[in-house]
Amino acid sequence: MRYVVLSDIHSNLEALEAVLAEARPEPGDGVLVLGDLVGYGPDPNAVVTRLRELQPLAVIRGNHDKVASGLEPATRFNHHARTAVAWTADVLTPDSRHYLSELPAGPVAIDDVVEICHGTPFDEDVYVFDDLDAARALRSARRRVCLFGHTHLAAAFRLADGGVRAVVPRRTAAFRVDVGGGRWIVNCGAVGQPRDGDWRAAWGEVDTLCGRVTIHRVEYDVEATQAKMVAAGLPELLVERLKLGR
Ligand code: ZN
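Just so it is clear, the model here is predicted, and its values are computed rather than measured.

## Some points on the packing of aromatic side chains
Alright, step 1. A complete count under the given rule lists two aromatic pairs for this structure.
Alright, step 2. Centre to centre, the rings of Y127 and F129 are 5.6 Å apart; their planes meet at 10°, and the pair counts as stacked.
Alright, step 3. Over the aromatic face of Y40 sits the side chain of R241, whose NZ or CZ is 6.0 Å from the ring centroid.

## Thoughts on the coordination of the zinc ion
Alright, step 1. In the first shell of the zinc ion, the protein supplies D8 (OD), H10 (NE2), D36 (OD) and H152 (NE2), at 2.1 to 2.3 Å from the metal.
Alright, step 2. One can describe the site at the zinc ion as irregular: its four donor atoms subtend angles covering 85 to 178° at the metal.

## Details of the nonpolar core
Alright, step 1. L6 and L37 are the most contacted members of the largest nonpolar core, which totals 43 residues.
Alright, step 2. For this core, the element with the most residues is helix α1 (residues 13–23), which contributes seven residues.
Alright, step 3. Filtering out sequence-adjacent residues up to four positions away, L6 remains in contact with L16, V19, L20, V31, L32, V33, L34, L51, L54, V191 and W203.
Alright, step 4. Counting residues in hydrophobic clusters, the runner-up holds 23 residues, among them I116, V179, W184 and V186.

## So, the sheet that holds strand β11 (residues 201–207)
Alright, step 1. If you trace the six strands from one edge of the open sheet to the other, you get β3-β2-β1-β11-β12-β9, paired in mixed fashion. Across the chains shown, the open sheet's two edge strands, defined by having one partner strand only, are β3 (58–59) and β9 (174–178).
Alright, step 2. Two strands pair when backbone bridges link them, and β11 and strand β12 (residues 212–218) are joined in this way by seven bridges, in the antiparallel orientation. Each bridged residue has a counterpart across the sheet, and for A201 the counterpart in β12 is V218.

## Overview of the pairing of β11
Alright, step 1. The buried fraction of β11 amounts to six of the seven residues, a majority that puts the element mostly inside the structure.
Alright, step 2. Hairpin geometry of β11 and β12 is characterised by an intervening segment of four residues between the two adjacent antiparallel strands and by a positive phi of about 65° at G211.

## Some points on the packing of helix α7 (residues 222–232) against helix α8 (residues 236–244)
Alright, step 1. Contact geometry for α7 and α8: axes closest at 9 Å, N-to-C directions at 175°. By the criterion of interaxial angle, the relationship of α7 to α8 is roughly antiparallel. On the side of α7, the interface is formed by V222, E223, T225, Q226, M229 and V230, while α8 contributes L238, V239, E240, L242 and K243.
Alright, step 2. Looking at side-chain class alone, the contact of α7 with α8 contains six nonpolar, two polar and three charged residues.

## Some details on the pattern of salt bridges
Alright, step 1. Under the defined criterion, the tally for this structure stands at 16 salt bridges.
Alright, step 2. Put simply, E124 and R61 hold a salt bridge, and the shortest N to O gap is 2.8 Å. On the criterion of sequence distance, the pair formed by E124 in the loop between β5 (114–116) and α6 (131–140) and R61 in the loop between β3 and α3 (63–68) is long-range, its members being 63 residues apart. Just as E124 is buried, R61 falls in that class too.

What counts and how
Residues numbered from 1 in each chain as written. Predicted model: local features only at pLDDT ≥ 70, side-chain atom pairs only at ≥ 80, totals over all residues. Heavy atoms only, no water. Phe/Tyr/Trp six-rings, centres within 6.5 Å; stacked < 30°, edge-to-face > 60°. Lys NZ or Arg CZ within 6 Å of the ring centre and 35° of its normal. Donors = N, O, S within 2.8 Å, 3.2 Å for Na, K, Ca; no water. Tetrahedral: all angles 85-135°; square planar, octahedral: opposite > 155°, others 65-115°. Core = buried A, V, L, I, M, F, W, Y, C linked by side-chain atoms within 4.5 Å. Buried < 20%, exposed > 50% of the residue type's maximum accessible area, 1.4 Å probe, protein only. Helix = DSSP H or I, 4+ residues; strand = E, 2+ residues; numbered from the N terminus. Contact = heavy atoms within 4.5 Å. Pairing = 2+ DSSP bridges. Axes fitted to C-alpha atoms, helices over the stretch in contact; angles between N-to-C directions. Parallel < 35°, antiparallel > 145°, perpendicular 65-115°, else oblique. Nonpolar A, V, L, I, M, F, W, Y, C, P; charged D, E, K, R; others polar. Salt bridge = Lys/Arg side-chain N within 4 Å of Asp/Glu carboxyl O.

Structure, rendered in structure tokens:
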């Protein structure tokens, strides 16, 4: 089975289209969407529509989806994120808003090996940045390979011999992680707003037969997205960070 992993798309249609052009999900593949479909970017409705067209195998919500659809207040958001999510809530169609509000919380088991969550299996809003976070998350995982998002940073952690080992992906077009043995928690990076200093869109590919996760990076028309953000009046800092990958 092949899974195409999309996380933290954040209303970035250009990034999503570039990822889909490279990933080319086929009817037999499972598309997994790990939350934060909207927020920050200029195309929330178009992104929701495009993702629904793909008929993903599983879609879970992220913190921005909850706030944009009115399930939660933006109290935990910083100033710029709050401005962007208020703009998003304003432009969402009733249909998009309803879709986002009905998305299930993670974790969701995909098969006997793979599960997905937005932040961690024990709390969808908690971030996994380092080995300690990963160890805590791995203890609550119910599948051997747990895919997560939320940090916008590609990373892989393996639980082995009682300890956790981090594998930090190199900035190459494709980085492979052999998850054939052991317990893993893997972040394939953000489609729409990477924060590792590399502006290119990130997506993941899981090959369950080979026991492999591949993290891909693909260029997209970032200037087009930035121009739309400026036209929408979204915060300048959010426009700038997109090209910096921060
Ligand atoms: Zn996010």
